[in-house]
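Okay, here's what each chain looks like letter by letter:
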Amino acid sequence: MQYQIVENSPIAPGVFLLDLAGDTSAVKAPGQFAQLQIPGFYLRRPISICDWDESGMTLIYKAVGQGTEALSRMQPGDTLDALNGLGNGYDVTRCGNHPLVIGGGVGIPPLYALTKALIAAGREPAVILGFNKAEEIFLLEEFEDLGVPVSVTTADGSFGQKGFVTDAMKEKDERYVFACGPLPMLKAVCKKSACPTGQYSLEERMACGFGACMGCTIQTKNGPKRVCKDGPVFRKEELTW
Amino acid sequence: MVNLSVNLCGLTLDNPVIPASGCFGYGKEFAEYYDINILGSFSFKGTTRQQRFGNPTPRIAEAPAGMLNAVGLQNPGVEHVISHELPEMKRYFHKPVIANVSGFSVDEYVETCAMLDAEEQVGIIEVNISCPNVHGGGMAFGTSPDSAAAVTKAVKAAVKKPVFIKLSPNVTDIVSIARACEEAGADGLSLINTLLGMRVDLKTHKPILANGMGGLSGPAVLPVALRMVYQVYKAVKIPLMGMGGVSCARDVIEMMLCGAAAVQVGAANLVHPCACKEIIEQLPVEMEKLGIRSLQEIIGGAHA
Ligand SMILES: Cc1cc2nc3c(=O)[nH]c(=O)nc-3n(C[C@H](O)[C@H](O)[C@H](O)COP(=O)(O)OP(=O)(O)OC[C@H]3O[C@@H](n4cnc5c(N)ncnc54)[C@H](O)[C@@H]3O)c2cc1C
Ligand SMILES: Cc1cc2nc3c(=O)[nH]c(=O)nc-3n(C[C@H](O)[C@H](O)[C@H](O)COP(=O)(O)O)c2cc1C
Ligand code: FES
């Protein structure tokens, strides 16, 4: 599927907001991702969908390597080939009325559409966002504009609460958790959460992104699962950590 | 009207385009993108006697014009393939399929092949003696003419369907191994499997793949694959399924000119789920342009 770049601009150091116009009918749930074909690179790059409507979608990515750096140099008007609506996404029907949404760094983008979907489903989510330092903060106003309580933690204490996202959780926090972020963060949240269930979005290096190559398989309590197709969102009960 | 059909050991394929093992799963994910019955056939994920989890992740790394994989033959085991995957496949693919088999001993190859041979849906058995991603098996059988012949002979004695032996490019003389397989009774040969390679993470100074090394495939390997198909075609009389780096109709024609009777497409499916559909649609267009009436007639055309 072809998409046209409407906007591709920095919103924090090294972090870019990419607005794409095109067919989003394949997108069914927050937490799904797209596989972008960046000109000059063989494998597609998986990037989560931050928000979408009928005419297009917003992605937020960090330029961390050659592919995402090349992507950051693409211009409005350029076209981008993408496979869309990949992965299972979050299920907003299976949580209590007061879920906790926890994100770290570039794991935060998909939680924006998730929070909107939770509100639309009549829930009252609370959000915790974790960053390294004040300059790296993005999407904070957008989350606040949704009218939900948002706590921010920074590792160096330059904004919000000093520490990690787990420091903004309660002791014996029983709220249902939706999380996305780096693996050490996910493991720490999973451990601290007192809720027996919850939904955690994982990352793996991928080739296809649609379930064909077994390149992204992890072991779960229910046997081998493909992060791209059976995930990226997994339930706490399935995770081996 | 151009003619795309080719004959492979008595099996007539509507066209020579066949997704390669490990790059098409059991076809299900692709059936969501297009009607996969347009394919000549397809080779399903490498099957072993017992189920295998495969290697730890990362299993995938990028390469210039290609990719490395170290999946390590993840599969649910032959019994599950027969009880679950094949019956499910019947619902969306109605042609004979190619069963790709791997093993860790001659007995294991024989047992798995014999079980799949008994399945009506299986048209051809493709014996993978060239997987670079598992230790103590796979490629070990494909790197010497004697062990390649031993596997071939044992499997041939146990099955009725045509047997293709899938060769490794990670050898000094692929021709001698091809000849050994032919003499041992192989009905055909598939080549090439992936080329052993590696990438290192510049930040951590460690290999990117958890397995350290992996198999290179994609457009980067096309000239190597063409050369090996050309050399092997010259040396044997049995039909070849050529593969390695094929990503468009012109590559298919080139592979057939080198000697392939059918052409498999691997990694291209992973980056373009409709790759094979586009190749099949494009073949008649390219044939018209090049003045080719029948694909069957161009096989080996590059040879004097
Ligand atoms: C389901 C999913 C959703 C993601 N969503 C986002 C997002 O919303 N925003 C964002 O900034 N990043 C996201 N990522 C991470 C993003 O895919 C990588 O940062 C990106 O692929 C790096 O590409 P590169 O060419 O710059 O890096 P390189 O290191 O040059 O890439 C080389 C290869 O490794 C792969 N790779 C490298 N790092 C990662 C990684 N962390 N995860 C998966 N593959 C990797 C690349 O895809 C490529 O195939 C997501 C990853 C997954 C799996
Ligand atoms: C992810 C992946 C998995 C593979 N798994 C198998 C396998 O199970 N059995 C096998 O015989 N070959 C396997 N192969 C090799 C391919 O079938 C093919 O021989 C090789 O990739 C070269 O073709 P290509 O360049 O078109 O990909 C695999 C290749 C890839 C990329
Ligand atoms: S990346 Fe191919 S199966 Fe997940």
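Worth saying up front: this structure is predicted, and the values here are computed from it rather than measured.

### Some details on the domain arrangement of chain A
Reports often express the size of an interface as the amount of accessible area lost when the parts come together.
Residue and element names in this part refer to chain A.
Thought 1: Taken domain by domain, chain A holds domain 1 (2-86), domain 2 (91-201) and domain 3 (203-241).
Thought 2: The C-alpha centroid of domain 2 is placed 23 Å from the C-alpha centroid of domain 1.
Thought 3: Taken together, the contacts link 14 residues of domain 1 with 13 residues of domain 2.
Thought 4: Both sides together, the interface formed by domain 1 and domain 2 hides about 1000 Å², and carbon and sulfur atoms give 73% of it.

### Regarding the interface of chain A and chain B
Thought 1: Each side of the interface is counted separately: chain A has 27 residues, and chain B has 32 residues.
Thought 2: Note on chain A versus chain B: buried area summed over both sides is about 2400 Å², and carbon and sulfur give 59% of it.
Thought 3: One can count three salt bridges joining chain A with chain B.
Thought 4: The salt bridge partner of A:Lys229 is B:Glu32, with a shortest N-O separation of 3.6 Å.
Thought 5: For the interface between chain A and chain B, the tally reads twelve residue pairs in polar contact (both at pLDDT 80 or more).
Thought 6: When residues of the side of chain A that touches chain B are assigned to their parent elements, the largest contribution, three residues, is made by strand β14 (residues 217-220) of chain A.
Thought 7: Taken together, the residues of the side of chain A that touches chain B break down into 16 nonpolar, five polar and six charged.

### Let's talk about the site of ligand 1
Residue and element names in this part refer to chain A.
Thought 1: Among the 19 residues in the neighbourhood of ligand 1, the closest are listed as Arg-45, Pro-46, Gly-67, Thr-68 and Arg-205.
Thought 2: In this structure, Glu-203 approaches ligand 1 through a side-chain N or O atom, which is 2.9 Å from a nitrogen atom.
Thought 3: For the shell around ligand 1, the secondary-structure elements that each account for two or more residues are β4 (45-48), β6 (56-62) and α1 (66-72).
Thought 4: It is β4 that contributes the most residues to the shell around ligand 1, four residues altogether.
Thought 5: Residues belonging to the shell around ligand 1 are distributed by class as follows: nine nonpolar, five polar and five charged.
Thought 6: If you count residues domain by domain, the shell around ligand 1 takes at least three from each of domain 1 (2-86) and domain 3 (203-241).

### Topic: the site of ligand 2
All names here are of chain B.
Thought 1: Among the 23 residues in the neighbourhood of ligand 2, the closest are listed as Ser-21, Lys-166, Gly-218, Gly-245 and Ala-267.
Thought 2: Measuring from an oxygen atom of ligand 2, one finds a side-chain N or O atom of Lys-45 at 3.1 Å.
Thought 3: Protein contact buries 98% of the 610 Å² of open area that ligand 2 shows by itself.
Thought 4: Most atoms of ligand 2, that is more than half of them, are within 2 Å of grid points of the largest cavity.
Thought 5: Across the shell around ligand 2, the residue classes tally to eight nonpolar, 13 polar and two charged.

### A short note on the environment of A:Glu54
All names here are of chain A.
Thought 1: Assignment of secondary structure puts Glu-54 in the loop between β5 (51-53) and β6.
Thought 2: The exposure class of Glu-54 is exposed, given its relative accessible area of 72%.
Thought 3: Linking Glu-54 and Gly-22, residues 32 residues apart in sequence, is a C-alpha distance of 8.3 Å.
Thought 4: Ignoring sequence-local partners within four residues, the contact set of Glu-54 consists of Gly-22 and Thr-24.

### Examining the sheet that holds strand β5 (residues 66-69) of chain B
Residue and element names in this part refer to chain B.
Thought 1: Ordered by their spatial adjacency, four strands build an open sheet running β4-β5-β11-β10, and the pairing between neighbours is antiparallel. The open sheet has two free edges, formed respectively by β4 (60-63) and β10 (195-197), since each of these has just one partner strand. The average angle at which neighbouring strand axes cross in this sheet is 35°, direction not considered.

### Concerning a negative patch on the surface
All names here are of chain A.
Thought 1: Taken together, the side chains of Glu-141, Glu-142, Glu-144 and Asp-145 make up a negatively charged region of the molecular surface.
Thought 2: Locating Asp-145 in the fold gives a position in helix α3 (residues 140-145).
Thought 3: Exposure remark for Asp-145: the relative accessible area of 66% places this residue in the exposed category.

### As for empty space enclosed by the protein
Residues and elements named next belong to chain B.
Thought 1: Inspection of the entire model under this criterion finds one cavity of 30 Å³ or more.
Thought 2: Roughly 500 Å³ of volume is contained in the largest cavity.
Thought 3: What lines the largest cavity is a set of 38 residues, among which Ser-21, Cys-23, Asn-69, Asn-193 and Thr-194 lie closest to the centre.
Thought 4: Residue composition of the lining of the largest cavity, by class: 20 nonpolar, 16 polar and two charged.

### What about a nonpolar patch on the surface?
Residue and element names in this part refer to chain B.
Thought 1: Residues Leu-196, Met-198, Val-200 and Met-213 make up a contiguous nonpolar surface patch of roughly 340 Å² in combined accessible area.
Thought 2: With respect to the element layout, Val-200 can be found in the loop between β10 and β11 (214-217).
Thought 3: Look at Val-200 and you get partly exposed, because its relative accessible area is 42%.

### Comments concerning the nonpolar core
Thought 1: Counting residues in each nonpolar core, the largest one holds 129 residues, and the members touching the most others are A:Ile102, B:Phe44, B:Val127, B:Leu167 and B:Leu189.
Thought 2: Leave out the neighbours within four places in its chain, and B:Val127 touches B:Val101, B:Tyr109, B:Cys113, B:Val151, B:Val155, B:Val163, B:Phe164, B:Ile165 and B:Lys166.
Thought 3: Counting 29 residues, the second largest nonpolar core, distinct from the first, contains A:Ile108, A:Leu114, A:Leu139 and A:Leu140.

The rules behind these values
Residues numbered from 1 in each chain as written. Chains lettered and ligands numbered in written order. Predicted model: local features only at pLDDT ≥ 70, side-chain atom pairs only at ≥ 80, totals over all residues. Heavy atoms only, no water. Domains from an automatic or database assignment. Contact = heavy atoms within 4.5 Å. Buried area = accessible area lost by both parts, 1.4 Å probe. Salt bridge = Lys/Arg side-chain N within 4 Å of Asp/Glu carboxyl O. Polar contact = N/O pair within 3.5 Å; in protein donor to acceptor, adjacent residues only side chain to side chain. Helix = DSSP H or I, 4+ residues; strand = E, 2+ residues; numbered from the N terminus. Nonpolar A, V, L, I, M, F, W, Y, C, P; charged D, E, K, R; others polar. Near = heavy atom within 4 Å. Areas by Shrake-Rupley, 256 points an atom, 1.4 Å probe, with all protein chains shown as cover. 1 Å grid on protein atoms, 1.4 Å probe; cavity = no way out; pocket = protein on both sides within 12 Å on 5 of 7 lines; lining within 4 Å. Sits in = over half its atoms within 2 Å of the grid points. Buried < 20%, exposed > 50% of the residue type's maximum accessible area, 1.4 Å probe, protein only. Pairing = 2+ DSSP bridges. Axes fitted to C-alpha atoms, helices over the stretch in contact; angles between N-to-C directions. Patch = residues over 30% accessible without salt bridge, like charges linked within 9 Å, V, L, I, M, F, W, Y side chains within 5 Å. Lys, Arg positive; Asp, Glu negative; His and termini not counted. Charge placed at Lys NZ, Arg CZ, Asp CG, Glu CD. Points joined across faces, edges and corners; volume = space filled by probe spheres on them. Core = buried A, V, L, I, M, F, W, Y, C linked by side-chain atoms within 4.5 Å.

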